[in-house]
Amino acid sequence: ATVDQLMKQMVCSTAAKKALVDGQSSPSIAPLLMTKAERDTYMCDCCLAPCAKCQGGLDKGDDILSAAGADIMTSKMKDLTDLSAGAKLFSPTGANGGTFSAT
């Protein structure tokens, strides 16, 4: 669940949407998703646009472009990848907020 939320936080972020859907006008950079169907699928999968599978926005946490979002993502990834911090995964006060349980 934690990795899923981190993935959604990154893939559905403002920065990712800009690269995948919006592109950039100056300098002229086309969106990476080339067709309208691909862009519509992305927008639906991230619940960034109304569609049948979404009943609201995804719980992604802060956007990674914000300082808070970047700090939270860094802390969560550190808990997941730092072998000496394994016990933090089960701590309700850790960066992953008790997402994991010992039972």
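The preceding data block contains the structure.
Residues numbered from 1 in each chain as written. Predicted model: local features only at pLDDT ≥ 70, side-chain atom pairs only at ≥ 80, totals over all residues. Heavy atoms only, no water.

### As for the overall build of the protein chain
Applied cut-off: Counting from the N terminus, the helices are the DSSP runs of H or I reaching at least four residues and the strands are the DSSP runs of E reaching at least two. Here the term buried applies to any residue with accessible area under 20% of the maximum for its type, exposed to any over 50%, and partly exposed to those in between, with areas from a 1.4 Å probe on protein chains only. We call two residues in contact whenever any of their non-hydrogen atoms come within 4.5 Å of each other. To be clear on the numbers: accessible area is Shrake-Rupley with a 1.4 Å probe, and residue cover counts the displayed protein chains and nothing else.
For the protein chain, the count of helices and strands is four helices and zero strands. Along the protein chain, helices (α) and strands (β) appear in the sequence α-α-α-α when read from the amino end. In the protein chain, which comprises 103 residues, the proportion classed as buried is 24%. Within the protein chain, residue pairs in contact and separated by at least 24 positions form 39% of the contacts whose partners lie at least 6 positions apart. Surface exposure of the protein chain reaches about 6,700 Å², of which carbon and sulfur atoms provide 61%.

### Quick word on the packing of helix α2 (residues 14–22) against helix α3 (residues 36–45)
When two helices pack together, you describe them by how their axes are tilted relative to each other and by the distance separating the axes. Heads up, the condition is: Every angle, taken between N-to-C directions, lies between 0 and 180 degrees, and every axis is a line fitted to C-alpha atoms, over only the stretch in contact when it is a helix. Oblique is the label for every angle not falling under 35 degrees (roughly parallel), over 145 degrees (roughly antiparallel), or within 65 to 115 degrees (roughly perpendicular). When residues are sorted by character, Ala, Val, Leu, Ile, Met, Phe, Trp, Tyr, Cys and Pro go into the nonpolar class, Asp, Glu, Lys and Arg into the charged class, and all the rest, Gly among them, into the polar class.
Relative to each other, α2 and α3 sit at 155°, their axes nearing to 10 Å. Taken together, the axes of α2 and α3 lie roughly antiparallel to each other. Two secondary-structure elements touch here, α2 through A16, K17, L20 and V21 and α3 through R39, Y42 and M43. Per-class residue counts for the contact of α2 with α3 are five nonpolar, no polar and two charged.

### Section: α2
The cut-off we apply is this: The directions considered for the arc are those from the helix axis to the C-beta atoms.
Among all positions of α2, only A16, L20 and V21 are buried. The buried residues of α2 occupy an angular sector of 90° when the element is viewed end-on, so they sit on one face. The positive-phi residue at the C-terminal boundary of α2 is G23, with phi of around 70°.

### So, the pattern of salt bridges
Let me state the cut-off plainly: Any carboxyl oxygen of Asp or Glu within 4 Å of a side-chain nitrogen of Lys or Arg constitutes a salt bridge here.
By the definition in use, this model includes three salt bridges. The shortest N-O distance in the salt bridge between K36 and D40 comes to 2.9 Å. Remark: D40 and K36 occur in helix α3; sequence separation between them is four residues, near one turn of the helix. You can call K36 exposed: its relative accessible area is 56%.

### Quick word on the state of the cysteines
Test applied: Cysteine sulfur pairs qualify as disulfides if the two atoms are within 2.5 Å.
A full pass over the atoms with the stated rule returns three disulfides. Here C44 is linked by a disulfide to C51, with a sulfur-sulfur distance of 2.1 Å. Across the disulfide from C44 to C51, rotation about the S-S bond amounts to roughly 80°, and the bridge is consequently right-handed. The side chain of C47 participates in a disulfide bridge whose partner is C54; the two sulfur atoms lie 2.0 Å from each other. Between C47 and C54, the S-S torsion sits near -85°, and that sign places the bridge as left-handed. Overall, C54 belongs to the buried group, its relative accessible area being 14%. For the protein chain, the bonded cysteines pair up as 1-3, 2-5, 4-6 when numbered in the order they occur along the sequence.

### Overview of α3
Each α-helix winds once per 3.6 residues, and so residues spaced three or four apart point in a common direction. Looking at α3, one finds that the buried residues are Y42, M43 and C44. In the segment just after α3, C47 is the residue with positive phi, at about 55°.

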